[in-house]
Amino acid sequence: MTLIHPSSHVSPEAKLGSDVEIGPFTIIHENVILGKGVKVGAYCELGIPTALGDGSPLNIGDDALIRSHSVFYESSSFKAGLVTGHRVTVRENTIAGTSFQIGTSTEIQGDCSIGDYVRFQSNVFVGKKTTIGDFVWILPYVVLTNDPTPPSEVMIGCTIEDYASIAAAAVILPGVIVGHHSLVAAQACVTKDVVPNMVVAGVPAQVVSEAKLIKLRDGSNRPAYPWTEHFTRGYPSSITSGWEKDNGE
Amino acid sequence: MTLIHPSSHVSPEAKLGSDVEIGPFTIIHENVILGKGVKVGAYCELGIPTALGDGSPLNIGDDALIRSHSVFYESSSFKAGLVTGHRVTVRENTIAGTSFQIGTSTEIQGDCSIGDYVRFQSNVFVGKKTTIGDFVWILPYVVLTNDPTPPSEVMIGCTIEDYASIAAAAVILPGVIVGHHSLVAAQACVTKDVVPNMVVAGVPAQVVSEAKLIKLRDGSNRPAYPWTEHFTRGYPSSITSGWEKDNGE
Amino acid sequence: MTLIHPSSHVSPEAKLGSDVEIGPFTIIHENVILGKGVKVGAYCELGIPTALGDGSPLNIGDDALIRSHSVFYESSSFKAGLVTGHRVTVRENTIAGTSFQIGTSTEIQGDCSIGDYVRFQSNVFVGKKTTIGDFVWILPYVVLTNDPTPPSEVMIGCTIEDYASIAAAAVILPGVIVGHHSLVAAQACVTKDVVPNMVVAGVPAQVVSEAKLIKLRDGSNRPAYPWTEHFTRGYPSSITSGWEKDNGE
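Rules used throughout
Residues numbered from 1 in each chain as written. Chains lettered and ligands numbered in written order. Predicted model: local features only at pLDDT ≥ 70, side-chain atom pairs only at ≥ 80, totals over all residues. Heavy atoms only, no water. Helix = DSSP H or I, 4+ residues; strand = E, 2+ residues; numbered from the N terminus. Rg over C-alpha atoms; globule rule 2.2 N^0.38 Å. Buried < 20%, exposed > 50% of the residue type's maximum accessible area, 1.4 Å probe, protein only. Contact = heavy atoms within 4.5 Å. Least-squares fit on C-alpha atoms with pLDDT ≥ 70 in both. pLDDT = per-residue confidence, 0-100. Buried area = accessible area lost by both parts, 1.4 Å probe. Salt bridge = Lys/Arg side-chain N within 4 Å of Asp/Glu carboxyl O. Nonpolar A, V, L, I, M, F, W, Y, C, P; charged D, E, K, R; others polar. Pairing = 2+ DSSP bridges. Polar contact = N/O pair within 3.5 Å; in protein donor to acceptor, adjacent residues only side chain to side chain.

Novice: Is there a simple way to explain the overall build of chain A in this structure?
Specialist: Helix and strand counts for chain A stand at one helix and 31 strands. For 249 residues, the compact-globule formula gives about 18 Å, and the C-alpha radius of gyration of chain A, at 19 Å, lands near that figure. For chain A, the spread of C-alpha atoms along the three principal axes comes to 55 × 45 × 25 Å. For chain A, the residues scored as buried account for 59% of the 249 residues in total. For chain A, restricting intrachain contacts to residue pairs at least 6 apart in sequence, the fraction spanning at least 24 positions comes to 22%.

Novice: Got a minute to help me understand the environment of Ile-60 of chain B in this structure?
Specialist: Residues and elements named next belong to chain B. Along the polypeptide, Ile-60 turns up in strand β9 (residues 58-60). Ile-60 sits 160 residues away from Ser-220 along the chain, and the two C-alpha atoms are 41 Å apart. With sequence-adjacent residues up to four places away left out, Ile-60 is seen in contact with Ile-33, Leu-34, Gly-35, Val-38, Ile-66, Phe-72, Phe-78 and Leu-82.

Novice: Is there a simple way to explain the relation of the copies chain B and chain A in this structure?
Specialist: The operation relating the pair of chain copies consists of a rotation about an axis and a translation along that axis. Here chain B sits on chain A after a turn of 120° about the axis and a move of 0.0 Å along it, with an RMSD of 0.0 Å. Given the turn and translation reported, the copies of this chain are related as if by a three-fold rotation axis.

Novice: Just to check I follow, could you spell out the confidence of the model for chain A for this structure?
Specialist: Low pLDDT marks regions whose predicted coordinates should not be analysed in detail. Within chain A, residue pLDDT values average 96, and 98% of them lie at 70 or more. This complex was scored by the predictor with a pTM of 0.97 and an ipTM of 0.96.

Novice: Is there a simple way to explain the interface of chain B and chain A in this structure?
Specialist: Frequently, the measure chosen for interface size is the accessible area that the parts lose on association. In this complex, chain B contributes 42 residues to the contact, which on the side of chain A involves 38 residues. When the two sides are added together, the surface that chain B and chain A hide from each other amounts to roughly 2700 Å², 63% of it contributed by carbon and sulfur. Three residues stand out in chain B for area buried against chain A, namely Thr-149, Pro-150 and Pro-151 of chain B, and they jointly supply 22% of the buried area on that side. Along the contact surface separating chain B from chain A lie one salt bridge. Residues Arg-233 of chain A and Glu-153 of chain B are paired through a salt bridge, measuring 3.0 Å at the closest nitrogen-oxygen approach. Classifying every residue of the side of chain B that touches chain A gives 25 nonpolar, twelve polar and five charged.

Novice: I keep staring at the sheet that holds strand β5 (residues 27-28) of chain B and nothing clicks. Help me out?
Specialist: Consider a sheet: its strands pair through backbone hydrogen bonds, and that pairing is either parallel or antiparallel. Spatial ordering of the open sheet is given by β2-β5-β8-β11-β14-β17-β20-β23-β26-β29 (chain B), a layout of ten strands whose pairing is parallel. Looking along the sheet, the strands with just one partner apiece sit at the ends: β2 (9-10) and β29 (189-190) of chain B.

Novice: Could you clarify how one ought to interpret the interface of chain C and chain A in this entry?
Specialist: At the junction of the two partners, chain C supplies 38 residues and chain A supplies 42 residues. Summed over both partners, the interface of chain C with chain A buries about 2700 Å², with 63% contributed by carbon and sulfur atoms. Of all residues in chain C, Tyr-141, Gln-187 and Arg-217 of chain C bury the most surface against chain A, accounting for 23% of the area lost on that side. Here chain C and chain A share one salt bridge between them. Summed over the shared surface of chain C and chain A, the number is 19 residue pairs in polar contact (both at pLDDT 80 or more).

Put into structure tokens, the structure is as follows:
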């Protein structure tokens, strides 16, 4: 059942799917498409117009949950299953895949490409022109930068490849490629590319180990990486069954 | 005198003490208890329902001040004298003591235990299962983590003991115990336990000194630690008089 | 044309210039002066009363743009051309010059002096008693601190001189002077003064180079610093023509 709170302002031009819920004091601008079952919390503003977009709508896929005080501009698009924390900011020209999770207070500055099943935790900062693969994990207070010599007109986004994991408060410098299945340690400052399957740490970050040598801290003596060998929470079994086969070979 | 702004939405099921003030556009859900004299600013949402709680209410003790744009879930509890900045987020199952202060944009992820007279400054991030003692100070942009090998199903909260002080932008890794009366320097990455009364700094953090060897920067040549020897602002004299005696012995 | 959204609360005591726009659900308290052409987004609260101010109004100069969910206290003043992101917080006794830009989620704690044409990006934290020169750039997640031995009654603000640039997630310790035209690298922890025209990096920060030896990353082999030699976006030509002359001599 569609539930639009009477204190909200929803443009009659916005396209709402079935069973959408809009919370109190929320503003939906005209250039917005919400899929079926989308829930938007209180004090959100969706579809803010901007000359920096391409004129396309903000397109939120089915069954999204957008928590309170969040702000999305027009000209971004999310496949089904988006879930956000509170006070998320997403600027224009952000294209994200299925089942994207964005933590509280995270900001995506726009012109970004984000794969499927990506997890951003709280207060992540994603500079313009960032490219994120599939199944990436980014932990709290990570900063992905784009200007190598601030201020300049040069803008080189980071690239985070599939299954990479970036721990809390790490900073990735402009243009750096973090290889697939790699781990960036907490508080690292990554100044050059990270080879796949490796762990880097420190300021500036250095290679400290192959990722597969890190042990899980559950007493099992199993390797913590690739994490797909032991962690499946939140992914459909159609996907994780594939992981198990891959990892076992 | 009770003052409930006409633009707010206060559930008739919520239990409000005397002299409560509720600001404009604020939402109080039904499973909320506000003590006497509690003041809630504008655009706050208190008592958000969650299946992750134990069904108990959000319980805010007497004389709290919750500033604008803050969000609290149900199933958390605060003794008297809570004061928050703007845009604070507190998830379920957070139990905090007397006179807790939470700075602007700080996030507490839930399942946390926090002692009496604790001070969090702005933009502190507190992961689930963190344990904080009494009289702890946590400065801006500190991150308290809990997953030693992200992503994993292992969650090991940090422990910050009584009177410890953690300076700006430090990161505490999962399971680390920061000993009582210790000091973590700004931008440190603390990877192992900190012995009481010591100072650690760096990435990764190393012991640099006994805390008592750090001098106050006021020209007095007095030691800065234990800080209870010179700092009493915001604590009742019934408490600080005990500090003076302890420190003098 | 003045546009005041009917859901906003604007005090009849507030002084509004011509062509002011006030967004939905925004609160303007009585001790506020808005210049002509000022635009205020949704969910903002401007002019919050505080005993820590000097009783003077919040004074926002002409043609400002304040984005949604922002909070300003009374007793601060901004010359023309202020632009903010979303969820900015500015406390009392902040005096800023012309064309100040403040990124999303940035917090200025008050008692600060800020020059002309200063750029703060997202999530910058500016402690009380900070002094910022003209044409300064501060990138995301930078923390400017003020208490050398937390907690203490000593409060010594940082000083950032003209044209200095502080890269992402750097922390500046209390009382440090960052010299003019210098560059602080990302994730640095600056514990002592930075000589003008130098680059510092690391935890703790060390001098790594003269700034003029850093090359632009655009393939041109030109020096990246002083940045006024190649970057003029957002500044009036009356100013940048002077830069070109200075730099050429």
